[in-house]
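Chains, contacts and geometry: an overview
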Amino acid sequence: MKNIDLKNNELYLVFFSSTFFFFCLSLFIIYFILLYQKKQIKYKQEQENLQSAFRQELLKAQNEIQEQTLTYVSREIHDNITQVLSFVKLNLAMTGTLSKFEKAQKVDESRKLVAQAIGDLRDLSKSLSFEHIVKLGLLKTIEIETDRINKSGIVNVDFVVNGNTYPLGDQRELVLFRIFQEAVNNSLKHSGANFLKISLEYSNQIFILTIEDDGAGFLNNDLQKEGSGLKNMQSRATLIGAVLTINSDIGKGCCIKITIDPLLQQVYANANYPNSTR
Amino acid sequence: MPVRFIIYAVFIWVIFLYGAVNFKKFAIPYKLLILLLGLTFVSELIGRVLIVRLHNSMPAYHIISVIEYTLITFIYSFFFTGSVKKLLLYLMIPVISFAIINTVFIQTILEFPTHFILLAQGIYLLYALIGFRQMLLFPIDKPLNKQSFFWLNTALLFFSTMLFLFFGLLNYINSHNYDVRPLYTFSYVINFLYYAFILIALTANKKECHFSQLHEKH
């Protein structure tokens, strides 16, 4: 009888202690699952916020590009095409009193000027709207932009491309182009530079866009004091998973470098990119 | 040979076979886990042979416990990064040294290496808890039941805590001269559940398409 009691005791001991352990363990797992679900919801919300911020930033970049294009178009029409056409008008108005030979000369001159205006208008039609960036890609768009700056004669631009090119995705290229545009604008407006070097480096691991000028430069410490332009560029770069570094010193120009891992994918960015995780 | 042992061995063999057949579809840590399953199966068989021939299967435990610790540490080193990963790997040196010292001087080859096994289980428990913490720090948009890392952590947490309970009860029962047979049945139940969790982890990982690599990066 005593033996049976002992056996029962053993069984109870094993049963109760293991039940207690199982209970504690199950409690822990349930607590973990609940906590994880809470974290998961928070994570999803963060992702959605990032996605929304990204969309907003993209829209802002598109608007800015459009605005810049319109400014450029209006300036070109005012400063160039209108002037040329006014000159043609004057030329043609003067032909009434001229001899036949002189008339022919003036008409020929006017024809050439009209041809030039047509050419300029054609160039304007290729202006850099965001649809063009999507259609042409970052490389071609930057090339067109550098050609335009070179033609304007404000500065000399050296454009270099290294490595085998590849697409970075429409949205990322659009943001990269806007950063590029802002950096070039800063150089042209504030630095007083005579020379600009723009380089694109494509390698398997990394893509680097460098914008370098020989302008007045500024102290790196002054970056915080600078207008929101540079901060804007940095936050935009972060949004597409790029790193933007600014190196500058007084009298030594400025070098802006944007590096990006081409394989890095953000869930919220770019569903059109071939390697996208979405 | 007891029937429950045969069922237990067949269960490990089936899980190992499942892993071996789909070996290429798993991420590296789970490939190591499959290797560990194979080695566990072999050591269990060797243990049985040793019982028949020498009436003592302890040499097999001395060897498999060190192999198990090494492989589980390597498995977790794939999930952790930075200082935790370094600590994990550097800790292997003193822990394995202790295992050798224990086998040579303290609990010799014919004794059950409880000192080392308890130490290793404590370490596994820590791995599982750090793993759970990491999951909480870096949540992903995927149901928990489809995450192999969750099941792996659960398996280790379950097994190591239950083993502590087992040893505690064993000590108590031995000191009171009670019958230990129910406890051994209990240990088989623990083992079956542990390998069931491992099987779920493997199945989840197979479906994840090397999701673990993304997790590591994340």
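Structural data are supplied above this passage.
Treat the numbers as computed from the prediction; the structure is a model and nothing was measured. (Residues numbered from 1 in each chain as written. Chains lettered and ligands numbered in written order. Predicted model: local features only at pLDDT ≥ 70, side-chain atom pairs only at ≥ 80, totals over all residues. Heavy atoms only, no water.)

1. Structural notes on the overall build of chain A
Stated precisely, the cut-off is as follows: For helices the rule is a DSSP run of H or I covering at least 4 residues; for strands it is a run of E covering at least 2, with both sets numbered from the N terminus onward. By the convention used here, residues are in contact when the closest approach between their heavy atoms is within 4.5 Å. Working definition of accessibility: Shrake-Rupley area with a 1.4 Å probe, residue cover restricted to the visible protein chains.
For chain A, the count of helices and strands is six helices and five strands. Sequence-ordered secondary structure for chain A, helices as α and strands as β, is α-α-α-α-β-α-β-β-α-β-β. A separation threshold of at least 6 residues defines the contact pool for chain A, and within that pool the share at least 24 residues apart is 68%. When the accessible surface of chain A is summed, it comes to about 16500 Å², and 57% of that surface belongs to carbon and sulfur atoms.

2. Things to note about the packing of helix α3 (residues 58–77) of chain B against helix α5 (residues 92–106) of chain B
All names here are of chain B. Applicable threshold: Every angle, taken between N-to-C directions, lies between 0 and 180 degrees, and every axis is a line fitted to C-alpha atoms, over only the stretch in contact when it is a helix. Each angle gets one of four labels, with under 35 degrees taken as roughly parallel, over 145 as roughly antiparallel, 65 to 115 as roughly perpendicular, and the rest as oblique. Residues are grouped as follows: Ala, Val, Leu, Ile, Met, Phe, Trp, Tyr, Cys and Pro are nonpolar; Asp, Glu, Lys and Arg are charged; every other residue, Gly included, is polar.
For the pair α3 and α5, interaxial distance at closest approach is 11 Å and the crossing angle is 175 degrees. Between α3 and α5, the interaxial angle falls into the category roughly antiparallel. Of the residues in α5, those in contact with His 62, Val 66, Tyr 69, Thr 70, Thr 73 and Phe 74 of α3 are Met 92, Val 95, Ile 96, Ala 99 and Thr 103. Looking at side-chain class alone, the contact of α3 with α5 contains seven nonpolar, four polar and no charged residues.

3. Let's talk about the packing of aromatic side chains
All names here are of chain B. We apply this condition: Each pair of aromatic rings taken from Phe, Tyr and Trp, with Trp reduced to its six-membered ring, is defined by centres within 6.5 Å and is described as stacked if the planes are under 30 degrees apart, edge-to-face if over 60, and tilted in the remaining cases. Exposure classes here rest on a 1.4 Å probe applied to the protein chains alone. A residue is buried below 20% of its type maximum, exposed above 50%, and partly exposed in between. Criterion for a charge above a ring: Lys NZ or Arg CZ within 6 Å of the ring centre, and within 35 degrees of the ring normal.
Per the counting criterion, the structure on display carries 34 aromatic pairs over all chains. A ring pair is formed by Tyr 18 and Phe 26, whose centres lie 6.4 Å apart and whose planes are at 70 degrees; its orientation type is edge-to-face. Taking the relative accessible area as the measure of exposure, Tyr 18 reaches 22% and is therefore partly exposed. Relative to Trp 151, the ring of Phe 150 has its centre 5.2 Å away and its plane inclined at 70 degrees; by these criteria the two rings are edge-to-face. Take Phe 150 and Trp 151: they sit in the same class, and that class is buried. Between the NZ or CZ atom of Arg 48 and the centre of the ring of Phe 5, over which it lies, the distance is 4.3 Å.

4. Points about the environment of Gln107(B)
Residues and elements named next belong to chain B. Rules: Pairs of N or O atoms within 3.5 Å make up the polar contacts considered here, provided that, within protein, one atom can donate a hydrogen while the other can accept it, and that residues adjacent in sequence are counted only when both atoms are side-chain atoms.
Its place among the elements puts Gln 107 in the loop between α5 and α6 (114–137). For Gln 107, the residues in contact, after removing those within four places along its chain, are His 62, Asn 102, Phe 112, Pro 113, Thr 114, His 115 and Phe 116. Looking at Gln 107, its side chain comes within polar contact range of the side chain of Thr 114, at 2.6 Å.

5. Describing empty space enclosed by the protein
All names here are of chain B. Let me state the cut-off plainly: Cavities and pockets were defined on a 1 Å grid built over protein atoms only: a cavity is a set of grid points that admits a 1.4 Å probe from which the probe cannot escape, a pocket is an open set flanked by protein on both sides within 12 Å along at least five of seven lines, and lining residues are those with an atom within 4 Å of any such point. Grid points are joined across faces, edges and corners, and a volume is the space filled by probe spheres set on the points.
In this structure the tally under the stated criterion is three cavities of 30 Å³ or more. What the second largest cavity holds in volume is close to 40 Å³. Lining the second largest cavity are Leu 33, Leu 36, Leu 37, Thr 40, Glu 68, Tyr 194, Tyr 195 and Ile 198. Listing elements by their share of the lining of the second largest cavity, those giving two or more residues are α2 (28–54) and α8 (181–208). It is α2 that provides the largest number of residues to the lining of the second largest cavity, a total of four residues. Broken down by class, the residue content of the lining of the second largest cavity amounts to six nonpolar, one polar and one charged.

6. A few points about the nonpolar core
As a reminder, the rule being used: Put simply, buried Ala, Val, Leu, Ile, Met, Phe, Trp, Tyr and Cys residues joined by side-chain atoms within 4.5 Å make one nonpolar core.
Formed by 71 residues in total, the largest nonpolar core has its most connected members in Tyr30(B), Tyr76(B), Leu152(B) and Leu202(B). Elements with a minimum of two residues in this core: α1 (2–94) of chain A together with α1 (3–21), α2, α3, α5, α6, α7 (148–175) and α8 of chain B. The biggest single contributor to this core is α7(B), with 17 residues. Setting aside residues no more than four positions away along its own chain, Leu152(B) makes contact with Tyr30(B), Leu33(B), Ile75(B), Tyr76(B), Phe79(B), Ile198(B) and Ala201(B). If you look at the next biggest cluster of nonpolar residues, it comprises 39 residues, including Phe180(A), Val184(A), Leu196(A) and Ile260(A).

7. Looking at the pairing of strand β1 (residues 156–162) of chain A
All names here are of chain A. Note the cut-off: When DSSP finds two or more bridges between two strands, those strands count as paired. We call a crossover right-handed when, viewed with both strands directed away from the observer, the connection leading from the first strand over the helix to the second proceeds clockwise.
Where β1 and strand β2 (residues 195–202) come together, seven bridges link them in parallel fashion. Residue pairing in the sheet places Asn 156 in a bridge with Phe 195 of β2. Traced from β1 through helix α5 (residues 170–191) to β2, the parallel crossover comes out left-handed.

8. Overview of the interface of chain B and chain A
A common measure of how large an interface is: the accessible area buried when the components associate. To be explicit about the condition: Take the accessible area each of two parts loses on contact, using a 1.4 Å probe, and add the two losses: that sum is the buried area. Each reported salt bridge corresponds to a side-chain nitrogen of Lys or Arg within 4 Å of a carboxyl oxygen of Asp or Glu.
Every contact between the two is made by 30 residues of chain B and, on the other side, 22 residues of chain A. The largest share of the area that chain B buries against chain A comes from Leu136(B), Pro139(B) and Tyr178(B), three residues that together contribute 23% of it. In this structure, Lys44(A) engages Asp141(B) in a salt bridge whose closest nitrogen and oxygen atoms are separated by 3.5 Å. There are five residue pairs in polar contact (both at pLDDT 80 or more) connecting chain B and chain A. Elements represented by at least two residues in the side of chain B that touches chain A include exactly α6, α7 and α8 of chain B. Sorting elements by how many residues they give to the side of chain B that touches chain A places α7(B) first, with ten residues.

9. Quick word on the side chain of Asn191(B)
In this fold, Asn191(B) is placed in helix α8. When neighbours within four sequence positions are excluded, Asn191(B) is seen to be in contact with Tyr8(B) and Phe159(B).

10. What to know about the state of the cysteines
Residues and elements named next belong to chain A. Let me state the cut-off plainly: For this text, the term disulfide refers to a pair of cysteine sulfurs within 2.5 Å.
By the definition in use, this model includes zero disulfides over all chains. Cysteine Cys 255 shares no disulfide, and the gap to the nearest cysteine sulfur, in Cys 254, comes to 7.0 Å. Residue classification places Cys 255 among the buried positions, given a relative accessible area of 18%.

Interpretation in functional terms is not warranted from these geometric data alone.
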